[in-house]
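Fold and contact review
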Amino acid sequence: MSTSHPVTIDDIRRMKKVDQRQKSQVFEPKDDSSQESIHCMTMLAIAVLIRTLCAIYCIIPDCDEVFNYWEPTHFITHGFGLETWEYSPKYAIRSWAYVLIHAVAVKLCQNWRIAEENLFMSLRIILGILCSLCEVILYKSIRKNISKGVAACFLFYSLTSTGMFHASVTYLPSSFSMYVSMLAMSQTLDPRSISSPHIPLFLFALSGILGWPFSVVLALPFCIEILSGMYIMVHRERIITGIFKAIVYSITALVVVIVIDSYFYGKLQIVPLNIVLYNVLNASEETGPDIFGTEPLSYYVLNLALNFNIVAILGYISVLVPVGSFITKRVSYMRMKQGRLFAAVAPLYLWSLIFFSQPHKEERFLYVIYPSICLGAALTTEGIIKVAFYISSKLFESNSFCAAVTDGTKYLLYIGTFGINISRIFALYDFYYAPITTYKQLWHVNNNYKTEEDIYSTMDRQINVCVGREWYRYTTSYFLQDNMRLKFIKSDFNGMLPAEFLEGTDIKEATSNIPSGLNNINKEEPSYYVSVSDCDFLIDSNFTASASPYTHERQYIMDTDDWSAEYCSRIIDGEHSSLLAKVLRLPDVIERMLSSHLPFHREWTSYCLLARKKNYSM
């Protein structure tokens, strides 16, 4: 007597392929590796294209990116820039080794004759290309070690999510750690990595040494796998040898970083250790990350909803996939066992457990788990597809109809997530891109400054570009000509602003100098301000000024006697816009329909480059 087994969706797809082959008498090429290489190169080309668009159209989401990384880089490449307290040798919690890598990339761009005004975008594009390489390498590993369906879903979620849209091209250590962690994940998914763990362990260590020290936490699930491998006496000697190699590689990388950082700071500095001491061991009410603001748990929940929407939910319930596989004993659609599936999704929960509980929260703190969210969501999506097929196969006899149901479920998820993400991406660009377009105009001002007495060439006179309340939207000194300098005028902000690196001296002397006034308690330093009368240009917005009689802020755009608006771009007025209208950018027809039924309205204001009158000529 013959036994029958339930027909699965994979069986149907295989039967379709066989039928097509019989009809056309065309067989697959024997060289599968060549076909796989072509496929991965195609995916890489698509990823590079998307990340290049991200580099061009992404806003600068975090002022820490500008002041802590773009400005020191500009100092190395151009000899001037702003210095935050983190780079004072007194505190030394930022790595010059990390900055130096990016400065070398900028220098290469200069050697390739890329125009000065395009250096910012060029470095961004390089970061985007690096991210796309890491994404496709992880995609290839998922394709090989889990399943092709999960891999395709992962890459789709990663390339189209709002979170990866800006994290992929952001110049921050957390983004670097995200890149390297993807490479490490691609290694840990391979079962051979257990017996030969030196490469993934070193990559995890590198993400912490050169990037963000806390990212080494992501290695914990893999370390547990290694220990379990040693416990059951599988390849124990090879595992120990691999661990030893990883330690040697990591110490070598750490020594190189320490040497570079110590050279720039002028004394021995172990920056990764300094970061941990500042943020954890030495943190107090007077100093530490909490003095820059604390947020409730809902901050991260809302952040993930904006950056990943449905994908975030799918990612965080991905633990159900290995649990369900273990209970039902059905993992035929994956090549990975339940225990390894747990290890694949565990970093997402481990990181969330640690950082969701911290009072000081920032969006960039989650960057390193963005790929884990996409992987978890891909696993869940594939699981949902299998459940949809199982249910439909019980209700309907037609196998082709069941396959259509599962495909419809998948594409419904794809279309839904893509629609929300693209709406959010367009919103970020349309609502907040104004600072980039406005600062770009500084490259196109006339090369002559006119005063009542003399005409000064811009090569002979320093031009002061001032910011007040809009200091946190500054776009970096890569938007300034060589004779321009950013200056701060007093606003209602009363915290610590950056100083200026010493100019006219060698780099080591400037970076080892301890600027007066810089402190780690967010205390305002009045000497960093200049008078408005010293400003040649002024970047300001038309947001409503404070009604307080003690305010330091003025509506400079309205001061037409002293200032001329040379260029203005619109920027959303979030305070006077409805919630949905400042979160999503929908087609105009849909927005008009919504505004007639829902509280959907959007207010705009101006973000302008102002030039002082009487002494300026375009």
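Reference entry: report on the structure contained in this document. Note that this is a predicted model, so its numbers are computed, not measured.

Definitions and cut-offs
- Residues numbered from 1 in each chain as written.
- Predicted model: local features only at pLDDT ≥ 70, side-chain atom pairs only at ≥ 80, totals over all residues.
- Heavy atoms only, no water.
- Phe/Tyr/Trp six-rings, centres within 6.5 Å; stacked < 30°, edge-to-face > 60°.
- Helix = DSSP H or I, 4+ residues; strand = E, 2+ residues; numbered from the N terminus.
- Buried < 20%, exposed > 50% of the residue type's maximum accessible area, 1.4 Å probe, protein only.
- Lys NZ or Arg CZ within 6 Å of the ring centre and 35° of its normal.
- Disulfide = S-S within 2.5 Å.
- Pairing = 2+ DSSP bridges.
- Axes fitted to C-alpha atoms, helices over the stretch in contact; angles between N-to-C directions.
- Contact = heavy atoms within 4.5 Å.
- Salt bridge = Lys/Arg side-chain N within 4 Å of Asp/Glu carboxyl O.
- Parallel < 35°, antiparallel > 145°, perpendicular 65-115°, else oblique.
- Left-handed = near helix turned anticlockwise from the far one by under 90°.
- Nonpolar A, V, L, I, M, F, W, Y, C, P; charged D, E, K, R; others polar.
- Polar contact = N/O pair within 3.5 Å; in protein donor to acceptor, adjacent residues only side chain to side chain.
- Patch = residues over 30% accessible without salt bridge, like charges linked within 9 Å, V, L, I, M, F, W, Y side chains within 5 Å.
- Areas by Shrake-Rupley, 256 points an atom, 1.4 Å probe, with all protein chains shown as cover.

Centre distance and the angle of the planes are the two values used to describe a pair of aromatic rings. Considering all chains together, one arrives at 43 aromatic pairs under this definition. With a centroid separation of 4.7 Å and an interplanar angle of 40°, the aromatic rings of Y429 and Y433 are classed as tilted. Ring plane angle 40° and centroid distance 4.6 Å describe the contact between W471 and F493, whose orientation is recorded as tilted. Of this pair, W471 sits in the loop between β4 (463–467) and β5 (484–488) while F493 sits in the loop between β5 and β6 (499–500); the two residues are 22 residues apart in sequence, bridging distant segments of the chain. We classify F493 as partly exposed; its relative accessible area is 26%. Linked through ring pairs, Y69, W70, Y98, F120, Y171, F176, Y478 and F479 together constitute an aromatic cluster. The side chain of R570 reaches across the aromatic face of W604, ending 3.7 Å from its centre.

A few words on unusual backbone geometry. Look at T476: it is not a glycine, yet its phi comes out positive at around 100°. Residue placement: T476 occurs in the loop between β4 and β5.

Before going further, it helps to spend a moment on the state of the cysteines. In this structure the tally under the stated criterion is two disulfides. Residue pairing for C568: its cysteine sulfur links by disulfide to C608, the two sulfurs lying 1.9 Å apart. Its S-S torsion of approximately 110° makes the covalent link between C568 and C608 right-handed. Here C568 is found in strand β8 (residues 563–572), whereas its partner C608 is found in strand β9 (residues 604–612), with 40 residues between them in sequence. Looking at C568, the relative accessible area reads 37%, which means it is partly exposed. Free cysteine C374: the closest other cysteine sulfur is in C153, separated by 9.2 Å. Given the relative accessible area of 0%, C374 is considered buried.

Now for the pairing of strand β7 (residues 537–541). Most of β7 sits inside the fold, with five of its five residues counted as buried. Burial along β7 is two-sided: F537, I539 and S541 facing one way and L538 and D540 facing the other are all buried. In the sheet, β4 pairs with β7 via three bridges, with the strands oriented parallel. For V465, the partnering residue across the bridge sits in β7 and is F537. As paired strands, β7 and β9 are joined by five bridges and run antiparallel to one another. The residue bridging D540 from the neighbouring strand is C608, located in β9.

Another aspect to go through is the sheet that holds β9. Reading across from one edge, β5-β4-β7-β9-β8 is the order of the five strands in this open sheet, with mixed pairing throughout. Whereas interior strands pair on both sides, the edge strands pair on one side only; in this sheet they are β5 and β8. The average undirected angle you get between the axes of adjacent strands in this sheet is 20°. With respect to the sheet, helix α18 (residues 399–432) is in contact with β8 and β9, its orientation differing from that of β8 by roughly 160°.

Right, let's talk about the pattern of salt bridges for a bit. By the definition in use, this model includes 21 salt bridges. A salt bridge links E382 to K386, with the shortest nitrogen-to-oxygen separation between them at 4.0 Å. Of this pair, E382 and K386 both sit in helix α17 (residues 370–395), separated by four residues, roughly a single helical turn. Across this residue pair, the class does not change: E382 and K386 are buried. Of the charged contacts in the structure, one is a salt bridge between R585 and D430, with a shortest N-O distance of 2.9 Å. Here D430 lies in helix α18 and R585 lies in the loop between β8 and α21 (588–595), a separation of 155 residues in the sequence. Using a relative accessible area of 21% as the deciding quantity, one classes R585 as partly exposed.

Right, let's talk about the environment of Y370 for a bit. One can find Y370 in helix α17. In this structure, the C-alpha to C-alpha distance between Y370 and G315, residues 55 residues apart in sequence, is 9.6 Å. If we skip the residues at most four places from it in the chain, Y370 touches G163, M164, A167, M178, N303, N307, F308 and E363.

Two elements in contact, helix α13 (residues 298–308) and α17, have axes whose closest approach is 13 Å; the angle formed by their N-to-C orientations is 65°. The orientation of α13 relative to α17 falls into the category roughly perpendicular. Regarding α13 and α17, the two cross each other, and that crossing is right-handed. The segment α13 lies against α17, with N303, L304, N307 and F308 engaging Y370, I373 and C374. Of the residues that constitute the contact of α13 with α17, the class distribution is five nonpolar, two polar and no charged.

Tracing the backbone through its elements, the reader meets W70 in helix α3 (residues 63–78). On the basis of relative accessible area, W70 is assigned to the buried category, the value being 0%. The sequence separation of W70 and S477 amounts to 407 residues, and the corresponding C-alpha distance is 7.8 Å. Not counting chain neighbours up to four residues away, the residues in contact with W70 comprise E65, F120, L123, R124, Y171, T476 and Y478. Here the side chain of W70 touches E65 through a polar contact of 3.0 Å, side chain to side chain.

Counting through the fold element by element, T188 comes out in helix α8 (residues 173–188). Note on T188: relative accessible area 11%, which makes it buried. Among the polar contacts made by the side chain of T188, one reaches the main-chain carbonyl oxygen of M185 at a distance of 2.9 Å. Filtering out sequence-adjacent residues up to four positions away, T188 remains in contact with S193, P200, F204, F222 and R340.

Attention now goes to a nonpolar patch on the surface. A cluster of nonpolar side chains, V387, Y390, I391, L395, F396 and F401, forms an exposed patch at the surface whose accessible area comes to about 600 Å². Considering every element that reaches the nonpolar patch, the biggest residue donor is α17, with four residues. Its place among the elements puts F396 in the loop between α17 and α18. Under the relative-accessibility criterion, F396 is labelled partly exposed at 40%.

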